[in-house]
Amino acid sequence: MTQLRHATITGTGSYLPERVITNFDLEKLVNTSDEWIRQRTGIRERRIAEDNVATSDLCVRAARWAIKNAHINPLDIQMILVATVTPDTFFPSTACYVQKGIGAKNASAMDISAACAGFLYGLDLADGLIRSGRYDTILVVGGEIFNNIVDWNDRGTCVLFGDGAGAAIVQATDEPKGILASYIGSDGDYADIDLLGIPAGGSRMPVTQEAIDQKLDKIQMNGREVFKLGVRLMPEAAQRVLREANVSIEDIDLLIPHQANLRIIEAVGDRLGVPREKVYINVDKYGNTSAATVIIALDEAIREGRAKPGDLLLLVTFGAGLTWGSTLLQL
Ligand code: UT7
């Protein structure tokens, strides 16, 4: 059956805090080296928000750019989805703070908790809601401030993450373009906080002095296991949308994978058979901004002219949960 109504991205935006933390800065904090970090992760520097800044502040700035680039009024937005694992507060949702910040009075607002896969979860939801005919204009945001949830004494994690936000306006179109296929998945068998997560602070384990002393309110991660899972799951997810849309990998103009580690990115590109020049990389500048990586990368690719109208883009990601997702997008 021919699909008459599609969802398409009409504007993107991103915002990165100005404060840069280089690998050399981290050498002064933990027993690490610029050489180790670059060789094992590809990261050279990351951005860190100032102390009085919240995740929604970054999201609002990114969203304002997306609104401007989509040439819409904030009052046109009918729903706001914010993907984050570092919300301003447990509740109200970060999406409600974003709503206030951009003046989108006509929208409903909620957060999505799907870790690094969160932005593509949001895009998938927006796609379904728009194609159903119930919505015409949805703002999808991915934003994080990892600064406060990273143990700055743990060299295994503190070198990896950064702060930032990206946003997309998703709108209905009758043209056969936009989101051509979308897929999200998860496997709760891997919902293990030792694999990747924060043990304390939720209903299972409140934040007590003991938990703080044991750093249980900070990110725990088994890097090697997460690495292997990412290299397996992202190509599988990407192939799924290609199959669904009957598109060959050779037709892809740009692959935009989750930016966690350059070695993971290159392995995913190699497994899919995408030449290096068609793989978008900015992990060197920003590290892993979790739910924000893919949309920050998409926004930059558009601004740099590496993703142009008509181009076929393949977005793919994975994260704690486990969660994963992929989107085939014609700009
Ligand atoms: O969005 C998803 C979130 N997470 C990820 O995607 C992370 C995925 N995993 C990774 O990116 C990599 O596993 C890491 C970058 C975290 C680690 O790289 P690795 O090549 O898997 O190293 P490793 O964990 O096997 O550690 C090798 C060595 C260890 O020393 P020993 O035991 O061999 O003496 C570590 O203690 O490197 C040591 N090491 C470090 N050395 C210097 C670990 N972190 C550091 C560091 N600086 N920052």
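Residues numbered from 1 in each chain as written. Predicted model: local features only at pLDDT ≥ 70, side-chain atom pairs only at ≥ 80, totals over all residues. Heavy atoms only, no water.

Draft legend 1. Fine view of the site of the ligand. Residues in contact with the ligand amount to 22 residues; listed here are only the nearest, Thr-32, Arg-40, Arg-224, His-258 and Asn-261. Between the ligand and Trp-36 there is a distance of 3.4 Å, counted from an oxygen atom to a side-chain nitrogen or oxygen. Between an oxygen atom of the ligand and a side-chain N or O atom of Arg-40, the distance comes to 2.7 Å. Out of a free accessible area of 940 Å², the ligand has 74% covered by protein chains. Every element with two or more residues in the shell around the ligand is listed here: helix 2 (34–41), helix 6 (155–158), helix 8 (223–245) and helix 9 (262–272). Sorting elements by how many residues they give to the shell around the ligand places helix 8 first, with four residues. Its residues assigned to classes, the shell around the ligand shows ten nonpolar, eight polar and four charged. (Near = heavy atom within 4 Å. Polar contact = N/O pair within 3.5 Å; in protein donor to acceptor, adjacent residues only side chain to side chain. Areas by Shrake-Rupley, 256 points an atom, 1.4 Å probe, with all protein chains shown as cover. Helix = DSSP H or I, 4+ residues; strand = E, 2+ residues; numbered from the N terminus. Nonpolar A, V, L, I, M, F, W, Y, C, P; charged D, E, K, R; others polar.)

Draft legend 2. Structural detail: the packing of aromatic side chains. One pass over the full model with this rule turns up one aromatic pair. On the numbers, 4.7 Å between centres and 5° between planes, the contact of Phe-146 with Phe-161 is stacked. Of this pair, Phe-146 sits in the loop between strand 6 (137–144) and helix 6 while Phe-161 sits in the loop between helix 6 and strand 7 (164–173), placing them 15 residues apart in sequence. In this pair, the class of Phe-146 matches that of Phe-161, namely buried. (Phe/Tyr/Trp six-rings, centres within 6.5 Å; stacked < 30°, edge-to-face > 60°. Buried < 20%, exposed > 50% of the residue type's maximum accessible area, 1.4 Å probe, protein only.)

Draft legend 3. Quick look at the pairing of strand 4 (residues 79–83). Extensive coverage of strand 4 is indicated by the burial of five of its five residues. Burial of the side chains of strand 4 extends over both faces: Met-79, Leu-81 and Ala-83 are buried on one face and Ile-80 and Val-82 on the other. Of the strand pairs in this sheet, strand 4 and strand 5 (residues 108–112) are connected by five bridges, and their pairing is parallel. Residue Ile-80 lies in a different strand from strand 5, and its bridge partner there is Ala-109. Chirality of the crossover, the property in question, places the unit of strand 4, helix 4 (residues 94–102) and strand 5 among those that are right-handed. (Pairing = 2+ DSSP bridges. Right-handed = clockwise from strand over helix to strand, strands pointing away.)

Draft legend 4. Focus on the environment of Leu-120. Looking at the element boundaries, Leu-120 is found in helix 5 (residues 118–131). Using a relative accessible area of 1% as the deciding quantity, one classes Leu-120 as buried. Placed 63 residues apart in sequence, Leu-120 and Tyr-183 show a C-alpha to C-alpha distance of 8.4 Å. The residues touching Leu-120, leaving out its near neighbours within four places in the chain, are Ile-184, Val-294, Leu-315, Val-316, Thr-317, Gly-325, Ser-326 and Thr-327. (Contact = heavy atoms within 4.5 Å.)

Draft legend 5. Spatial organisation of the pairing of strand 13 (residues 323–330). Within strand 13, seven of the eight residues are buried, which leaves it mostly tucked inside the rest of the structure. Pairing of strand 8 (residues 178–186) with strand 13 involves eight bridges; the strand directions are antiparallel. Each bridged residue has a counterpart across the sheet, and for Gly-185 the counterpart in strand 13 is Trp-324. Sheet topology note: the strand 12 (residues 312–319)/strand 13 ladder contains eight bridges and is antiparallel. If you follow Gly-319 over to strand 13, its bridge partner there is Thr-323. Linkage of strand 12 to strand 13, two consecutive antiparallel strands, is achieved through a turn of three residues, within which Gly-321 is found at a positive phi near 140°.

Coordinates in, geometry out; function isn't part of it.
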